[in-house]
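Working through the structure, step by step
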Amino acid sequence: MSQTDIEHIKQVYAEADLLFTPAEIEAAMTTMAQAITQDMRDANPVVFSVMNGGLVIAGQLLTKLDFPLEASYLHATRYRNSTSGHGLEWKVAPMIDFKDRPVLIIDDILDEGHTLVEIVEHCKAEGAASVKTAVLVNKLHDRKARPDLQADFVGLEVIDRYIFGFGMDYHGYWRNADGIYAVKGM
């Protein structure tokens, strides 16, 4: 990336609207963790973080789950370097056996949800006893992959804007921003 492009990336962050502070995110994750613990504490689940976006939330959420679990990650995409989706492509398939066990999928955001739906369906087809989803952010709009699509555990809800931070990126950057921001004008 050129210096001009990096300057643009810096400018986007400088001009962005802060939607959720680190304290608000922390409170939402604590509430989510309590709900997940209540629901899954006796289940012996396998917990998968969806890369790359789910990395930040999973790293922090896992430390708040007060029950035995096995944790791993998976990396799937539908985009293959384009802007429109295709069939699911596994970059890293699930590496822990989850047959006949409950599965929890952790991701950063439920936007349209096509990839998340396919990951859930894959886990069910491979023999998971059940599959639940946890997302830090649910984006409010009517373009979901299915009209009834919702995550089982949601930390925050956000209006339909281009957001980044806390795992979500702006053109590959700012996953490391400690708040959740919306790009100015988007």
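Quick note: structure is the one above.
All values reported here derive from a predicted model rather than from experimental measurement. (Residues numbered from 1 in each chain as written. Predicted model: local features only at pLDDT ≥ 70, side-chain atom pairs only at ≥ 80, totals over all residues. Heavy atoms only, no water.)

Some details on the overall build of the protein chain
- In terms of helices and strands, the protein chain carries four helices and nine strands.
- What you see in the protein chain, going N to C, is helices and strands ordered as α-β-α-β-α-β-β-β-α-β-β-β-β.
- Summarising its shape, the C-alpha atoms of the protein chain cover approximately 50 × 35 × 30 Å along the three principal directions.
- Taken over 186 residues, the protein chain has a buried fraction of 45%.
- Across the protein chain, the 17 positively charged side chains and the 27 negatively charged ones have centroids separated by 2 Å. (Helix = DSSP H or I, 4+ residues; strand = E, 2+ residues; numbered from the N terminus. Buried < 20%, exposed > 50% of the residue type's maximum accessible area, 1.4 Å probe, protein only. Lys, Arg positive; Asp, Glu negative; His and termini not counted. Charge placed at Lys NZ, Arg CZ, Asp CG, Glu CD.)

Observations concerning the sheet that holds strand β7 (residues 153–158)
- Sheet architecture is open: six strands sit in the order β4-β3-β2-β5-β6-β7, paired in mixed fashion. Since the sheet does not close on itself, it has two edges, and those belong to β4 (89–92) and β7, each with one partner. Strand after strand, the sheet turns through a mean of 30 degrees between neighbouring axes, direction not considered.
- Bridge count for strand β3 (residues 70–77) against β4 is three bridges, and the pairing is antiparallel. Bridge pairing links Thr77 to Glu89 in β4.
- Contacts from helix α3 (residues 54–61) reach β2 (46–50), β5 (102–110) and β6 (130–139) within the one sheet, and its direction differs from that of β5 by about 125 degrees.
- The strands touched by helix α4 (residues 114–125) within the sheet are β2, β3, β4, β5 and β6, with β6 carrying the most contacts at an inclination of about 170 degrees. (Pairing = 2+ DSSP bridges. Axes fitted to C-alpha atoms, helices over the stretch in contact; angles between N-to-C directions. Contact = heavy atoms within 4.5 Å.)

Brief notes about helix α2 (residues 22–40)
- Taking 1.5 Å per residue as the helical rise, α2 with its 19 residues ought to reach 27 Å, and the 26 Å between its terminal C-alpha atoms agrees with that figure.
- Regarding α2, the residues found buried are Ile25, Ala28, Met29, Met32, Ala33, Ile36, Thr37 and Met40.
- Packed against the buried residues of α2 are β1 (17–20), α3, β5, β6, β7 and β9 (180–182). (Expected span 1.5 Å × (residues − 1).)

So, α4
- Its twelve residues place the ends of α4 16 Å apart at the C-alpha level, agreeing with the 16 Å of an ideal helix rising 1.5 Å per residue.
- Taken together, the buried positions of α4 are Thr115, Leu116, Val117, Ile119, Val120 and Cys123.
- If you follow the buried residues of α4, they end up packed against β2, β3, β4, β5 and β6.
- Phi for Gly127, located one or two positions after α4, is positive at around 100 degrees.

Side note on the environment of Ala182
- By the secondary structure assignment, Ala182 is in strand β9.
- For Ala182, a relative accessible area of 0% translates into the label buried.
- When the C-alpha positions of Ala182 and Val131 are compared, they lie 30 Å apart, and in sequence the two are 51 residues distant.

Some points on the nonpolar core
- Formed by 28 residues in total, the largest nonpolar core has its most connected members in Ile36, Leu136 and Ile180.
- At the level of elements, α2, α3, β5, β6, β7 and β9 are the ones that each hand at least two residues to this core.
- Top contributing element to this core by residue count: α2, with seven residues.
- Ranked by size, the runner-up nonpolar core spans 21 residues in total, among them Phe98, Val117, Ala128 and Val131. (Core = buried A, V, L, I, M, F, W, Y, C linked by side-chain atoms within 4.5 Å.)

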